[in-house]
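# Summary of the model geometry
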Amino acid sequence: NSDKVSVTELADWIIKNKADFELVDLRSEEKFTEYSIPNSQCIPLVQLSSSELQRNQKIILFSDDDVVSSQAWFILKSKNYKGVYILDGGLNAWKEKVLFPKASINGSKDELAQFEKMKEVAKYFGGQAQTDSSVAETRQQVKLPTSNTGNIKTTAPSGKKKKREGC
């Protein structure tokens, strides 16, 4: 975990305009143009070896999750890059914890204080905090279809072909 940076820590660095790191999005350029973390640059994994990243820079790698980031981390470390880090949880964690943080109504005072801070962080990055009550209100407003399980017949597959009947 010493080679990982949390998404909340990264959000704090971006808000404070900390500029001593390079944020590298390892996803495709198509996904990068759909959404990416502010101040990041797109260097897909296959282009990482030929990139112009400096060996003495602090480099934070991310993708949708940690799998591709771990591969990229290994590639750069094997080429003697010193300050290479992985964004813990990747873009999925960024969306979950920074853009759309969730809080329980029954949280402790510390949890609620942290949630209030994350609400402001979410606003800064264009997201919106979620609470159990907002999810419940949304569910009440949108009537979900009820399943009628009494009419559903399930049969286990038999090895035989089904006869074709009727039109």
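Quick look at the structure, then. (Residues numbered from 1 in each chain as written. Predicted model: local features only at pLDDT ≥ 70, side-chain atom pairs only at ≥ 80, totals over all residues. Heavy atoms only, no water.)

## Points about the overall build of the protein
The line we're drawing: Numbering of helices and strands runs from the N terminus; a helix is a DSSP stretch of H or I covering at least four residues, while a strand is a stretch of E covering at least two. Each residue is placed in one exposure class: buried if its accessible area under a 1.4 Å probe, protein chains only, is under 20% of its type's maximum, exposed if it is over 50%, and partly exposed if it falls in between. Here, residues are in contact when the closest pair of their heavy atoms is within 4.5 Å. Residue exposure ignores everything except the shown protein chains as possible cover, and the areas themselves are Shrake-Rupley values with a 1.4 Å probe.
Assigned secondary structure in the protein consists of six helices and seven strands. Helices and strands in the protein line up, N terminus first, as β-α-β-α-β-β-α-β-α-β-α-β-α. Counting only residues that meet the buried cut, the protein has 30% of its 167 residues in that class. In the protein, the share of contacts with a sequence separation of at least 24, taken over all contacts with a separation of at least 6, comes to 64%. A total of about 11900 Å² of accessible surface is found on the protein, and carbon and sulfur atoms cover 49% of it.

## Describing the packing of helix H1 (residues 7-15) against helix H4 (residues 90-99)
The following threshold applies: Note on geometry: axes are lines fitted to C-alpha atoms, helical ones only across the stretch in contact, with angles between N-to-C directions running from 0 to 180 degrees. Roughly parallel means an angle under 35 degrees; roughly antiparallel, over 145; roughly perpendicular, 65 to 115; everything else is oblique. When residue character is reported, Ala, Val, Leu, Ile, Met, Phe, Trp, Tyr, Cys and Pro are called nonpolar, Asp, Glu, Lys and Arg charged, and the others, Gly included, polar.
Contact pair H1 / H4: the axes reach a minimum separation of 9 Å and the direction vectors enclose 75°. The angle between H1 and H4 places the two elements in the roughly perpendicular class. Listed contacts from H4 to Val-7, Thr-8, Leu-10, Ala-11 and Ile-14 of H1 are Gly-90, Ala-93, Trp-94, Lys-97 and Val-98. Tallied by class, residues from the contact of H1 with H4 come to seven nonpolar, two polar and one charged.

## Some remarks on unusual backbone geometry
Phi is positive for Asn-17, close to 55°, though the residue is something other than glycine. Considering the arrangement of structural elements, one finds Asn-17 in the loop between H1 and strand S2 (22-25). Look at Asn-80: it is not a glycine, yet its phi comes out positive at around 70°.

## Let's talk about the environment of Gln-57
The following threshold applies: Pairs of N or O atoms within 3.5 Å make up the polar contacts considered here, provided that, within protein, one atom can donate a hydrogen while the other can accept it, and that residues adjacent in sequence are counted only when both atoms are side-chain atoms.
By secondary structure assignment, the location of Gln-57 is in the loop between strand S3 (40-42) and strand S4 (58-62). A C-alpha to C-alpha distance of 8.1 Å links Gln-57 and Val-84, two positions 27 residues apart in sequence. Excluding residues that lie within four positions of it along the chain, Gln-57 makes contacts with Glu-22 and Gly-83. In this structure the side chain of Gln-57 is engaged in a polar contact, spanning 3.2 Å, whose partner is the side chain of Glu-22.

## A few points about helix H5 (residues 109-124)
Short version of the rule: Given a helix with a known number of residues, its expected span is that number minus one, times 1.5 Å. Think of it as the arc spanned by the lines of direction from the helix axis to the C-beta atoms.
Given a rise of 1.5 Å per residue, 16 residues ought to cover 22 Å, and the 23 Å separating the end C-alpha atoms of H5 matches this to within 8%. Buried within H5 we find Phe-115, Met-118, Val-121 and Ala-122. Buried residues of H5 fall within an arc of 115° about the axis and therefore sit on the same side. Opposite the packed face of H5, turned more than 90 degrees from it, sit the exposed residues Lys-109 and Lys-123. Buried residues along H5 sit in contact with H1, H4, strand S6 (102-103) and strand S7 (130-131). Where H5 terminates, the next one or two residues include Gly-126, which has phi positive at roughly 85°.

## Observations regarding the pairing of S2
What counts here: Between any two strands, at least two bridges found by DSSP are needed for them to pair.
Note that S2 and S4 share four bridges and pair parallel. Considered in S4, the bridge of Val-24 is made with Leu-61.

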